[in-house]
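The lines below spell out each chain.
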Amino acid sequence: MAITGTQNPLLGETTCGSLLQQLQLIWDEVGESDEERDKMLLQLEQDCLDVYKRKVDQAAKSRAHLLQTLADSNAELSRLLSSLGEKTYVGIQPDKSTGTIKEQLAAIAPLLEQLWKQKEERIKEFTDVQSQIQKIRGEISGNIDKFEKAGPPTVDEEDLSLNKLDDFQSQLQELQKEKSDRLHKVLDFVSTVHDLCAVLGMDFYSTVTEVHPSLNDSVGVQSKSISNDTLSQLAKTVATLKEDKKQRLQKLQDLAQQLFDLWNLMDTPMEEQSFFDHVTCNISSSVDEVIVPGALALDLIEQAEVEVERLDQLKSSKMMEIALKKQTELEEIYGRAHIEIDTEAAREKIMTLIDSGNIEPSELLIDMDNQILKAKEEALSRKETLEKVDKWMSACEEESWLEDYNQDENRYNSSRGAHLNLKRAEKARILVNKIPALVDTLVAKTRAWEEDRGITFSYDGVPLLAMLDEYAMLRHDREEVRRRMRQDQKRFHEQLNTEQETLFGSRPSPSRPLGSKKAVGPRTNGSAVNGTPSRRLSLQSSGSGGSGGRSSTKDGKRDNNRPAAPVNYVAIAKEDAASHVSGSEPAPSSP
């Protein structure tokens, strides 16, 4: 019987029993004797015993090694605890009851590693503390070199307890506090000396090294002298420099005030004044606020003194020029605000006062400054109204342009730029439609201004309300002209239709023109009478005629040099012109 497999059919794997069973089957098949079978089985048992024995010996040696390692670890643990000053450490006394040897070793290994790190850190702490103590003592005693040559301190590794470390740290804290207090005073004094020397334009290094050589910046902070003698000398130096700063600042402020007075008197340009900004910037500063380097240098004070002397010599010769400049500024303010003033009389008065010597130059300039201030206030009160006036006049210009555009028979031709004019015309119509509301708003604002001020609001010498009233009348006249034109056109069409019915007995065919182009003659003649050119001319004549009286001044005289209102107030809207053409010309015949 053949052997087909060696696996246990139940377990699905090779085992000793399955192999023995397989061996029995082989022996049965071969016909092995019982003696041979017993001999082979005894040999197998002996081989198994030898293997077990070797494994047991190896396990015993491994156990002995682990026990020795555990004992060494416990000894090292005890030594570390002793040097660190720790009596007990939780979880470091393993025994057989706590687990296997490997478990005990695994438990003690991280503790040993942690204690070794703790010891290294403790040694470093002792070294740092003792080194700092040694260094600070040398700085306080003034024998720094002696302690540096002694080298790093020796640390007793057998006693690294926290109590001993606390003792060293307490000593270090006391020494650090004493050093910090002294060094802080020294650095404050040195910093103050540096700032004062910078402001006064003095040499800081030469000043501070006179107190002690170690106070130079080339020497480290920790190496600076902190003795009582050094502190006393620094305090005296600071007091002396502060007194010098106070005296120089007072002198410079006096010079700056003189400069301002002379500049204001002579109307010195800002560009020229800016050359002395470093002098005048501290005119109202206190002693502690002046910190800019060189702000109180001796050469700066001398420069200011020279400038004051120069301006004193120029003061008398420039008074006329200054006064006329201020008058020009006053005229410009009134000009921008469209306020009329008698400039020639004002200039003659200024020259007369200066030539006569009856008024101090400073008083004259102060009076002119007050006039400029009042002019600015008045201009500010008129600003909003003037902005509305500008919008109104701009709209009137667009209205005039739209009138000319609507009279152009070629405006719809595809010429260059025609599309731009078309867009402008659309915008102009929108703007023209807003004119009545704009005029109403402007009238309300003007009346409110006049009621508040109690005076008339004039625009270049012409009362603004009179200008607005005149424009309203002209606009009303334009509407009347339009209305009459529509009526004339209507009567013309009715008459033309009546004549055609009389001649032909019925209305003309839609496909036939109403009449020849010669029939448009009356419309053309009517346009010459009622159209834009004649109306524009009538507006100009009315401006100097009956309606012009509404924009005259209080004296009853009109300024001939200025128009009471924009010249082209009236414009014919596109739709009016279109209706005029459609009502006058014959309708095109249908195709």
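These numbers were taken from a predicted model, which means no experiment stands behind them.

## Here we look at the overall build of the protein chain
Here is step 1: Helices and strands together make up the secondary structure of the protein chain, namely 19 helices and 2 strands.
Here is step 2: Counting across all 591 residues of the protein chain, residues that qualify as buried make up 32%.
Here is step 3: Of the contacts formed within the protein chain by residues at least 6 apart in sequence, a portion of 75% connects residues at least 24 apart.
Here is step 4: On the protein chain, roughly 37500 Å² of surface is accessible, and the fraction owed to carbon and sulfur atoms is 52%.

## Topic: the side chain of E398
Here is step 1: Relative to the helices and strands, E398 resides in helix α13 (residues 361-407).
Here is step 2: E398 gets classed as buried once you look at its relative accessible area, which sits at 18%.
Here is step 3: Apart from residues lying up to four places away in sequence, E398 is in contact with R424, A428 and L431.

## With respect to a negative patch on the surface
Here is step 1: Where like charges cluster on the molecular surface, the negative patch consists of D34, E35, E36 and D38.
Here is step 2: With respect to the secondary-structure elements, D38 resides in helix α2 (residues 34-84).
Here is step 3: In this structure D38 comes out as partly exposed when scored by relative accessible area, which is 45%.

## Observations concerning the packing of helix α3 (residues 101-141) against helix α5 (residues 162-200)
Here is step 1: Relative to each other, α3 and α5 sit at 30°, their axes nearing to 9 Å. When the axes of α3 and α5 are compared, the pair comes out roughly parallel. Once α3 is placed against α5, the crossing between them reads as left-handed. The residues of α5 that touch α3, namely those facing R122, E125, F126, V129, Q130, Q132, I133, I136, R137, E139 and I140, are L162, K164, L165, F168, Q169, Q171, L172, L175, Q176, E178 and K179.
Here is step 2: The class makeup of the residues in the contact of α3 with α5 is 10 nonpolar, 5 polar and 7 charged.

## Quick notes on the side chain of R382
Here is step 1: Assignment of secondary structure puts R382 in helix α13.
Here is step 2: Here R382 occupies a buried position and makes no salt bridge, while the nearest side chain of opposite charge, E378, is found at 4.9 Å.

## So, the packing of α5 against helix α7 (residues 228-266)
Each pair of packed helices gets described by two things: the angle between the helix axes and the distance between those axes.
Here is step 1: Packing of α5 against α7 brings their axes to within 9 Å, and their N-to-C directions diverge by 30°. Regarding the angle of α5 to α7, the classification is roughly parallel. For α5 against α7, the interelement crossing comes out left-handed. Seen from α5, the contacting residues are R182, K185, V186, F189, V190, T192, V193, L196, C197, V199 and L200; seen from α7, they are N228, L231, L234, A235, T237, V238, L241, K242, D244, K245 and R248.
Here is step 2: Classifying every residue of the contact of α5 with α7 by side-chain character gives 13 nonpolar, 3 polar and 6 charged.

## Let's talk about the packing of aromatic side chains
Here is step 1: What the rule picks out here adds up to 7 aromatic pairs.
Here is step 2: Geometrically, the ring pair formed by F126 and F168 is edge-to-face, given 5.9 Å between the ring centres and 80° between the ring planes. Here F168 lies in helix α5 and F126 lies in helix α3, a separation of 42 residues in the sequence. Note on accessibility: F126 and F168 belong to one class, buried.
Here is step 3: Members of the aromatic cluster, each reached through a chain of ring pairs, are F260, W263 and F276.

## Re the confidence of the model for the protein chain
Here is step 1: Of all residues in the protein chain, 79% have pLDDT values of 70 or greater, and the mean over the chain is 76.
Here is step 2: In this model, residues 508-591 is a region of pLDDT below 50 whose contacts with residues beyond four sequence positions or in other chains number 125 contacts.

Parameters at a glance
Residues numbered from 1 in each chain as written. Predicted model: local features only at pLDDT ≥ 70, side-chain atom pairs only at ≥ 80, totals over all residues. Heavy atoms only, no water. Helix = DSSP H or I, 4+ residues; strand = E, 2+ residues; numbered from the N terminus. Buried < 20%, exposed > 50% of the residue type's maximum accessible area, 1.4 Å probe, protein only. Contact = heavy atoms within 4.5 Å. Areas by Shrake-Rupley, 256 points an atom, 1.4 Å probe, with all protein chains shown as cover. Patch = residues over 30% accessible without salt bridge, like charges linked within 9 Å, V, L, I, M, F, W, Y side chains within 5 Å. Salt bridge = Lys/Arg side-chain N within 4 Å of Asp/Glu carboxyl O. Lys, Arg positive; Asp, Glu negative; His and termini not counted. Charge placed at Lys NZ, Arg CZ, Asp CG, Glu CD. Axes fitted to C-alpha atoms, helices over the stretch in contact; angles between N-to-C directions. Parallel < 35°, antiparallel > 145°, perpendicular 65-115°, else oblique. Left-handed = near helix turned anticlockwise from the far one by under 90°. Nonpolar A, V, L, I, M, F, W, Y, C, P; charged D, E, K, R; others polar. Phe/Tyr/Trp six-rings, centres within 6.5 Å; stacked < 30°, edge-to-face > 60°. pLDDT = per-residue confidence, 0-100.

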